[in-house]
Amino acid sequence: MGEANVSSGAPAVRVLAVSRVAPAPAPARAEHVKLSFFDTPWVVLPPIQRVFLYELPGAGGDEFPAVVGRLKASLAATLALYLPLAGKLAHVAETGDVVVDCSDDPGVAFVEAEAGEGMDVGKLAGDEAHDIPAFLALVPELDARVLPAPVLSVQATRLGGAGGGLALGISVHHAVADGQAMWRFMGAWAAAAREGSPVTKSLGPPHYGRDAIRIPGGDEFAREMLKKVAPNLPVAGMMDYDFSKRFRLSRRTFYLAADDIKSLKRRIDALAAAENAAGDENVATGIKPVSTFVALSALGWTAFVRSKALAAGEDTYLVFLADLRARLDPPVGEGYLGNCIKACMATADAGDLLGERGILRAARAVQAAVAAMEAAPMEGTARWIETMMTLPFARLANVAASPRFRVYEAADFGFGRPARVELVSMNHDGEMVLVGGRRDGEVQLSVSLDPARMDAFKAHVLG
């Protein structure tokens, strides 16, 4: 379906049924959720698409219909709490706002499909390289080019292979939920399927009223942002970027064990201690020990610089998103269903990221970007899109998600944890995704890169 149909060599996926899953119980009143200025920049971007692969013995027989029934029933119960995901993005011409309209028959398209013999769950889950045509065929269409447009769609595909398998594909509009919100939703949906309720002791109900974002002039700020990124609403046309280029990129996934991560952090901290002991006046003192996110972001950034053969005198950038829920005044709360993130940018001369101390320089640049965000969470939010569009994309890497997202634990619907979880919608040459891995303390690093540069990137990351 969707993009998968236009990919040459895409494996055959046959649609068996398309239904609509409505919130149950139905909402007691009509709701319209106006997007905040944290949401509006994402209106023009393509949907976020993820695939969850499960080894499912018996999926070729009676188990697949039963699993689909469980997924649909638990999704209905979860949407009753996470109502904006069942709504539609709509443009209000009178005010210039974009809202989530939950009043007109809210619900989510649910596609049931069957893959051809060539799509083996073991191979799809086990290969380092992504089978991009297969992954694209396993996520559902979500066309948001013109408003009103759906927010979420789901696809469950029966896979072949030894014992059979299931692919659960999710497409969601980023304008309604960021990564933190979506992983809470996935955890709630899985809990509803596994335990009978989307609310657990560790996962409370969400809240999504945009009045939680208490910023003076916020509504006008949101409208101004929409005028910049989507001046032709209700046509939510793309920004000046060719997203078809992503299909020419290579994608691979690497798993970094807990001991390897500890060793990397010790190496960076030792380099910092050695510089401080040497009294180098050109480096900062008192740098705190690196976090897992900082260490792995630095590792990925230096691997990117080396793989691209960047040289001294060339500026390079690393962009990542920071969660502001606990950093706003007043705080928004962990259960906020929406976007509450800020783009952070680390900068360096490529020459400083080469050599033995390159990893330390990269880590310090990432720490400096984090510190700047913590000191002034709202600084630069009005101009971040303009800033991003002026950067040299060939020398820019970005890190999405976070090692604290325990994606394999969150997506256990009662038939076991997934064998693999991947972001399918990787759009940029140099995009990296960090999430918690399958084993305790492990981190999964997925990267999208020019195929000619991938082996050099891998050698640095795993060397």
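Thresholds applied
- Residues numbered from 1 in each chain as written.
- Predicted model: local features only at pLDDT ≥ 70, side-chain atom pairs only at ≥ 80, totals over all residues.
- Heavy atoms only, no water.
- Buried < 20%, exposed > 50% of the residue type's maximum accessible area, 1.4 Å probe, protein only.
- Helix = DSSP H or I, 4+ residues; strand = E, 2+ residues; numbered from the N terminus.
- Pairing = 2+ DSSP bridges.
- Expected span 1.5 Å × (residues − 1).
- Axes fitted to C-alpha atoms, helices over the stretch in contact; angles between N-to-C directions.
- Contact = heavy atoms within 4.5 Å.
- Salt bridge = Lys/Arg side-chain N within 4 Å of Asp/Glu carboxyl O.
- Core = buried A, V, L, I, M, F, W, Y, C linked by side-chain atoms within 4.5 Å.

(A) Expanded view of the pairing of strand β9 (residues 165–172). Counting buried residues in β9 gives eight out of eight residues, a clear majority hidden from the surface. Side chains of β9 alternate between two faces, with Gly-165, Ala-167, Gly-169 and Ser-171 and Leu-166, Leu-168, Ile-170 and Val-172 buried alike. Where strand β3 (residues 48–55) meets β9, eight bridges bridge the pair, whose relative direction is antiparallel. Note that in β9 the partner of Glu-55 across the bridge is Gly-165. Note that strand β8 (residues 152–159) and β9 share eight bridges and pair antiparallel. Counterpart to Arg-158 in the pairing with β9 is Leu-166.

(B) A look at helix α5 (residues 218–229). With 12 residues, α5 ought to run about 16 Å at 1.5 Å a step, and its terminal C-alpha atoms sit 17 Å apart, in line with that. Looking only at α5, the buried set comprises Gly-218, Phe-221, Ala-222, Arg-223, Met-225, Leu-226 and Val-229.

(C) Focus on the sheet that holds β3. Taken in spatial order, the six strands make up an open sheet running β1-β6-β8-β9-β3-β14, and their pairing is mixed. Taken across any chain shown, the strands that pair with only one partner, and hence form the sheet edges, are β1 (13–21) and β14 (420–423). Each strand axis lies, on average, 15° off the axis of its neighbour in the sheet, ignoring direction. As judged from the eight bridges shared by β1 and strand β6 (residues 108–115), these two strands associate in the antiparallel manner. Bridging from a neighbouring strand, Ala-17 pairs with Glu-112 of β6. Across the sheet, helix α1 (residues 63–79) lies against β1, β6, β8 and β9, angled at about 165° from β6, the strand it touches most. Along the sheet, helix α4 (residues 179–195) makes contact with β3, β8, β9 and β14, crossing β9 at roughly 140°.

(D) Focus on the sheet that holds strand β12 (residues 341–349). Read from one edge to the other, the open sheet built from six strands follows the order β10-β16-β15-β13-β11-β12, with strand pairing classed as mixed. In this open sheet, the two edge strands, each paired with only one partner strand, are β10 (250–256) and β12. When strand polarity is set aside, the average angle formed by the axes of neighbouring strands in this sheet is 20°. Pairing of strand β13 (residues 396–402) with strand β15 (residues 431–436), which is carried by five bridges, proceeds in the parallel orientation. Looking across to β15, one finds that Ser-402 is bridged to Val-435.

(E) Main features of the environment of Ala-368. Mapped onto the elements of the fold, Ala-368 is located in helix α8 (residues 358–375). According to the relative accessible area criterion, Ala-368 is partly exposed, its value standing at 46%.

(F) Main features of the pattern of salt bridges. Going through the model one piece at a time under the given rule, you end up with 29 salt bridges. Glu-220 is the salt-bridge partner of Arg-223, the closest N and O atoms lying 3.3 Å from each other. With a gap of three residues between them, Arg-223 and Glu-220 both fall in helix α5, about one helical turn apart. Here Arg-361 and Glu-275 are joined by a salt bridge, their closest N and O atoms 2.7 Å apart. Highlighted residues: Arg-361 in helix α8 and Glu-275 in helix α6 (residues 258–278), separated in sequence by 86 residues. With relative accessibility at 26%, the residue Arg-361 sits in the partly exposed group. Linked through salt bridges whose partners overlap, the residues forming this network are Glu-128, Arg-252, Asp-455 and Lys-458.

(G) Structural context of the nonpolar core. The biggest cluster of nonpolar side chains holds 131 residues, and the ones touching the most others in it are Leu-71, Leu-85, Phe-185, Trp-189, Trp-301 and Phe-413. Per-element accounting of this core gives the leading share, 10 residues, to helix α7 (residues 292–307). Each residue touching Phe-413, except ones within four places of it in the same chain, is listed here: Tyr-54, Arg-70, Leu-71, Leu-168, Met-186, Trp-189, Ala-190, Ala-193 and Arg-194. Listed in part, the 17 residues of the second largest apolar core include Leu-53, Leu-124, Phe-135 and Ala-167.

(H) Region of interest: the environment of Val-100. If you trace the backbone, Val-100 turns up in strand β5 (residues 97–101). Here the alpha-carbon distance between Val-100 and Ala-177, two residues 77 residues apart in the chain, equals 11 Å. The residues touching Val-100, leaving out its near neighbours within four places in the chain, are Glu-31, His-32, Val-33, Leu-35, Pro-84, Gly-87, Lys-88, Leu-89, Val-151 and Val-176.

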